[in-house]
Amino acid sequence: MPELPEVETVRRGLEPAMVGARFSRVTLRRPDLRFPFPPRFAARLEGRAVTALARRAKYLTAALDSGETLIMHLGMSGRFDVALPDGRNLSPGDFYLEGSQGVPKHDHVVMAMSTGATITYNDTRRFGFMDLVPSETLAESRHFARMGVEPLDGLTGAVIADLFRGKITPLKAALLDQRLIAGLGNIYVCEALHRARLHPEAPAGSLARPDGRPTAAANALAKAVVAVLNEAVRAGGSTLRDYAHTDGSTGAFQNAFRVYDRVGLACTRAGCGGQIARVVQAGRSTFFCASCQPESRQAASAGAAGRQFRHKSG
DNA sequence: TGATCCCTGCGT
DNA sequence: ACGCAGGGATCA
């Protein structure tokens, strides 16, 4: 479910309930999510205060006053629900709520905070996970050691050209590769490629000139990635299959999709008239407009880049 | 670099 | 019954 904008939305919802508060009681309803919880997980949290709640790519990190950091990843279906002591609910994006009647299924972790707030982690598919590592070694932890650049931290065409240079892999796959740029997922990659008018199957290396400088397409892509992420964060992320509530707290960016999940529909670009197509790349759906995002343009430059690359290396 | 798998639920 | 789903680790 969550890509960078959704995780950032969750972070903003959790922040007021977590930062400055202590875990008074942590209950695990099962021994594992995607991975087993770390040893003595609940005991290492209980009594500790959260000093800061940050986001790195699609990960949330809660720094504790014990010197450890709680790492949380939502996988595909992870959600947090914040219940305030007065009965109000403070999650922006209440789409993580299953409903008000009865105990929701898949509530795997319940964190009672010293403020009286209760934070519940719910994850249907259990692709999410939590970990606890020493704060000093957070950057070297197995989750972060090989993580790519943060796209909202100054992504430019030059950075993209540097990362993609010499790569034959399709643009779609390169943008999904968290070791290069971290935080994009299927939705925002499709949306960014459409905005930049780039074909998803064009070779990633075609965005770098032979001397390594960015092409115009690389600059356009960087701009599109940053724009689509910022707009999605502003909209509170995208709500897809989750139940929509009426309190105005669901994500709204799904209404701004130009290609994602719009196969067969007309391209919304003014004067385009194309139809959104769906192809499968690396086992995942790619949505694009063949009219807006022609292969030919990229094929030409990719061929030039490929010849140059082979020439240089051979 | 691509399949395969992890897991559950939903729509066709 | 089958395909598909916002992620990603782990193999050939």
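All values derive from a computational prediction rather than experimental measurement.

Rules used in this analysis
Residues numbered from 1 in each chain as written. Chains lettered and ligands numbered in written order. Predicted model: local features only at pLDDT ≥ 70, side-chain atom pairs only at ≥ 80, totals over all residues. Near = placed C-beta within 6 Å. Nonpolar A, V, L, I, M, F, W, Y, C, P; charged D, E, K, R; others polar. UniProt positions renumbered as here; feature names shortened; annotations may be inferred. Helix = DSSP H or I, 4+ residues; strand = E, 2+ residues; numbered from the N terminus. Buried ≥ 20, exposed ≤ 12 C-beta atoms within 10 Å, placed from the backbone. Contact = placed C-beta atoms within 7 Å. Pairing = 2+ DSSP bridges. Axes fitted to C-alpha atoms, helices over the stretch in contact; angles between N-to-C directions. Parallel < 35°, antiparallel > 145°, perpendicular 65-115°, else oblique. Left-handed = near helix turned anticlockwise from the far one by under 90°.

A.B. asks: Can you break down the protein's contact with DNA strand B residue by residue, with the values?
C.D. replies: Taken together, Lys105, Thr124, Arg125, Arg126, Phe127, Lys167, Ile168, Thr169, Ala173, Ala282 and Gly283 form the complete shell of residues around DNA strand B. Classifying every residue of the surface near DNA strand B gives four nonpolar, three polar and four charged.

A.B. asks: Pulling in residues and values, what's your account of the UniProt feature "active site" (unreviewed entry) in chain A?
C.D. replies: Listed under "active site" (unreviewed entry) in the UniProt record, and renumbered for this structure, are Pro2, Glu3, Lys58 and Arg284. Locating lysine 58 in the fold gives a position in the loop between β2 (50-56) and β3 (59-64). For lysine 58, a count of 21 C-beta atoms within 10 Å puts it in the buried group. Those residues in contact with lysine 58 that lie beyond four places of it in its chain are Pro2, Glu3, Leu4, Val7, His73 and Gly183. On the secondary structure map, arginine 284 appears in strand β10 (residues 284-289). The class for arginine 284 is partly exposed, based on 14 C-beta atoms found within 10 Å.

A.B. asks: Help me get a handle on the sheet that holds β3, residues and values and all.
C.D. replies: Within the open sheet, the four strands sit side by side as β2-β3-β4-β8. Their pairing is antiparallel. Every interior strand has two partners, whereas the edge strands, β2 and β8 (129-134), have only one. Put simply, the sheet's adjacent strands are angled 20 degrees from each other on average, direction ignored. Two strands pair when backbone bridges link them, and strand β4 (residues 68-73) and β8 are joined in this way by six bridges, in the antiparallel orientation. Residue pairing in the sheet places methionine 72 in a bridge with methionine 130 of β8. The strands touched by helix α1 (residues 4-18) are β2 and β3; relative to β2, the strand with the most contacts, the crossing angle is about 175 degrees.

A.B. asks: Outline the packing of helix α3 (residues 157-164) against helix α6 (residues 216-234), supporting the account with residue identities and numerical values.
C.D. replies: Relative to each other, α3 and α6 sit at 110 degrees, their axes nearing to 7 Å. In terms of axis orientation, α3 runs roughly perpendicular to α6. Judged by the sense of rotation from one axis to the other, the crossing of α3 with α6 is right-handed. Contacts between α3 and α6 involve Gly157, Val159, Ile160 and Ala161 from the first element and Ala218, Asn219, Leu221 and Ala222 from the second. In terms of residue class, the contact of α3 with α6 is made up of six nonpolar, two polar and no charged.

A.B. asks: With reference to specific residues and values, describe the environment of lysine 223.
C.D. replies: Note on placement: lysine 223 falls in helix α6. Remark: the alpha-carbon pair of lysine 223 and leucine 180, spanning 43 residues in sequence, is separated by 17 Å.

A.B. asks: Describe in detail the sheet that holds strand β5 (residues 78-83), supporting the description with residues and values.
C.D. replies: Across the sheet, which stays open at both edges, the four strands sit in the order β1-β6-β7-β5 with antiparallel pairing between neighbours. Bordering the open sheet on either side are β1 (23-28) and β5, each of which pairs with just one other strand. Taking each pair of neighbouring strands and ignoring which way they run, the sheet shows an average axis angle of 15 degrees. Bridge analysis of β1 against strand β6 (residues 107-113) gives five bridges, and the strand direction is antiparallel. Within the sheet, the bridge partner assigned to valine 26 lies in β6 and is methionine 111.

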